[in-house]
Amino acid sequence: MAEFYNILKLYEAHLLLERGLSENTRVAYLSDLERFTEWYVGGNPCEATAKELETFVRELHDVGIAPRSQMRVISGLKSFYRFLNFDGRRDDNPMQLIDSPSTGRKLPEVLSIDEVDAMFSVIDTSDILGLRNRAILEVLYGSGLRVSELCTLERRRVLLGEHYLTVCGKGSKERMVPMSDDAVEQIGLYLQERERARFIVAPGEEDYLFLNRRGKHLTRVMVFYIVRGLADAAGIVKTISPHTLRHSFATHLLEGGANLRAIQQMLGHESIATTEIYLHLDTTRLREEILLHHPRNKRPNVLGS
């Protein structure tokens, strides 16, 4: 197995340097490969046959692994054997003919504009944390950032005068995203209060825009609790997360007539197919409106006859 672990180190370097995958994706791929290695008893996993891999994938289903988790495992294995093929360590790719399970299309939860406004209205901006939370909501909803992008956002990448910010998205790909006037104003107020109050910043955290009360940059979990708390305070009963604001941002842009390609660029989607889910969502909502208001749809008889 020593040879396998040497190859595994090369594969890790390949994921980082050549494919530029995010840390979360790399960890998931390596974890799933470890799962297969523990299952495989035929020696070196690099030499696994298509039949053995098919058996492993089938057993994922048999033990109750969710379809989306199955898809991720299959994706990771395909990546590994594609690497072996590309690196000349195999003449074939045993994962080539193995299909991922169908998961169906699950539409994301979306807030109405009134619900978004309600979340803004419950924020108490009388202190620095309230100003920070208002700015966070403006950026999540107004620029459609992923929560990981917001947590690692650096002050130098926020150009208030130009109404733009630069984020490092999936695969370490940078993109420029416009900011709304409200986002620019609220970030400015938050930074002014940080300076006025001489807010203590922890060593090594000076570059980050959004900080917690201990002067360290926010975690994804902390942002989740901030968003969830504001939703509860606003009386919103939907199950939402910071990603819900991103979905709502994209949906409201599309409803307002924005170009799908422009939305793709703002969200940082590599494929337009990912963005097209909002087109489907918009069509679904349109259908609901038609069924609710169309004169030929079944309605209660208001004449009582």
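The model shown is predicted, which means the values in this text are computed figures rather than measured ones.

### Notes on the overall build of the chain
Looking only at helices and strands, the chain features 13 helices and three strands. For the chain, the residues scored as buried account for 41% of the 305 residues in total. In the chain, the share of contacts with a sequence separation of at least 24, taken over all contacts with a separation of at least 6, comes to 58%. Accessible area of the chain: about 17,700 Å², with a carbon and sulfur share of 52%.

### Side note on the sheet that holds strand 3 (residues 174–178)
Across the sheet, which stays open at both edges, the three strands sit in the order 1-2-3 with antiparallel pairing between neighbours. Two strands in the sheet have a free side with no partner beyond their single neighbour: strand 1 (158–159) and strand 3. Pairing geometry for strand 1 and strand 2 (residues 164–168), over two bridges, is antiparallel. Within strand 2, the position partnered with Val 158 by the bridge is Leu 165.

### What about the packing of helix 3 (residues 50–62) against helix 4 (residues 67–86)?
Where helix 3 contacts helix 4, the two axes come as close as 10 Å, and the packing angle between them is 165°. In this view, helix 3 runs roughly antiparallel relative to helix 4, as classed from their interaxial angle. In this structure, the crossing between helix 3 and helix 4 has a hand that is right-handed. On helix 4, the residues touching Leu 53, Phe 56, Val 57, Leu 60 and His 61 of helix 3 are Gln 70, Val 73, Ile 74, Leu 77 and Tyr 81. Split by residue class, the contact of helix 3 with helix 4 holds eight nonpolar, two polar and no charged.

### Things to note about the packing of aromatic side chains
Evaluated as defined, the whole model comprises eleven aromatic pairs. Their ring planes at 75° and their centres at 5.8 Å tell us that Phe 224 and Tyr 225 sit as a pair that is edge-to-face. The partly exposed category is assigned to Phe 224, whose relative accessible area is 33%. The rings of Phe 4, Tyr 5, Tyr 11, Phe 80, Tyr 81 and Phe 83 are connected pair by pair, giving a single aromatic cluster.

### Concerning the side chain of Thr 244
Among the secondary structure elements, Thr 244 is positioned in helix 10 (residues 242–255). Taking relative accessible area as the criterion, Thr 244 reaches 4% and is therefore assigned buried. Within the structure, Thr 244 has its side chain in polar contact with the backbone nitrogen of Ser 241 (distance 2.9 Å). Each residue touching Thr 244, except ones within four places of it in the same chain, is listed here: Glu 109, Val 110, Leu 111 and Thr 239.

### Focus on helix 5 (residues 113–121)
All buried positions along helix 5 are accounted for by Val 116, Met 119 and Phe 120. All buried residues of helix 5 fall inside an arc of 100° around its axis, so they share one side. Along helix 5, exposed side chains directed more than 90 degrees from the buried face belong to Asp 114 and Ser 121.

### Observations concerning the nonpolar core
For soluble globular proteins, nonpolar side chains are generally found buried alongside one another. Grouped together as the largest cluster of nonpolar side chains are 49 residues, with contacts concentrated most on Met 119, Leu 165 and Phe 210. With sequence-adjacent residues up to four places away left out, Met 119 is seen in contact with Leu 111, Leu 137, Val 227, Leu 230, Ala 231, Ala 234, Ile 236 and Ile 240.

### Re helix 3
An α-helical turn contains 3.6 residues, so any two residues separated by three or four positions project in the same direction. Compared with an ideal rise of 1.5 Å per residue, which puts 13 residues at 18 Å, helix 3 spans 18 Å between its outermost C-alpha atoms and is within 8% of the ideal. All buried positions along helix 3 are accounted for by Leu 53, Phe 56, Val 57 and Leu 60. For helix 3, the angular spread of the buried residues around the axis is 95°, confining them to a single face. Summarising the geometry of helix 3, the exposed residues directed more than 90 degrees from the buried face are Lys 51, His 61 and Asp 62. Here the buried face of helix 3 lies against helix 2 (23–39) and helix 4. Positioned one or two residues after helix 3, Gly 64 has a phi angle of 90°, which is positive.

### Focus on the confidence of the model for the chain
For the chain, per-residue confidence averages 82 on the pLDDT scale, and residues scoring 70 or more make up 83% of the total. Residue range residues 283–287 is modelled with pLDDT below 50. Its contacts to residues more than four positions away, or to other chains, number four contacts.

### Description of the pairing of strand 3
Look at any regular strand and the pattern is simple: side chains alternate between the two faces of the sheet. Side chains of strand 3 alternate between two faces, with Arg 175 and Val 177 buried and Glu 174, Met 176 and Pro 178 left unburied. Two elements, strand 2 and strand 3, share five bridges in a ladder whose sense is antiparallel. Across the sheet, Val 167 pairs through a bridge with Arg 175, a residue of strand 3.

Calculation criteria
- Residues numbered from 1 in each chain as written.
- Predicted model: local features only at pLDDT ≥ 70, side-chain atom pairs only at ≥ 80, totals over all residues.
- Heavy atoms only, no water.
- Helix = DSSP H or I, 4+ residues; strand = E, 2+ residues; numbered from the N terminus.
- Buried < 20%, exposed > 50% of the residue type's maximum accessible area, 1.4 Å probe, protein only.
- Contact = heavy atoms within 4.5 Å.
- Areas by Shrake-Rupley, 256 points an atom, 1.4 Å probe, with all protein chains shown as cover.
- Pairing = 2+ DSSP bridges.
- Axes fitted to C-alpha atoms, helices over the stretch in contact; angles between N-to-C directions.
- Parallel < 35°, antiparallel > 145°, perpendicular 65-115°, else oblique.
- Left-handed = near helix turned anticlockwise from the far one by under 90°.
- Nonpolar A, V, L, I, M, F, W, Y, C, P; charged D, E, K, R; others polar.
- Phe/Tyr/Trp six-rings, centres within 6.5 Å; stacked < 30°, edge-to-face > 60°.
- Polar contact = N/O pair within 3.5 Å; in protein donor to acceptor, adjacent residues only side chain to side chain.
- Arc of directions from axis to C-beta.
- Core = buried A, V, L, I, M, F, W, Y, C linked by side-chain atoms within 4.5 Å.
- Expected span 1.5 Å × (residues − 1).
- pLDDT = per-residue confidence, 0-100.

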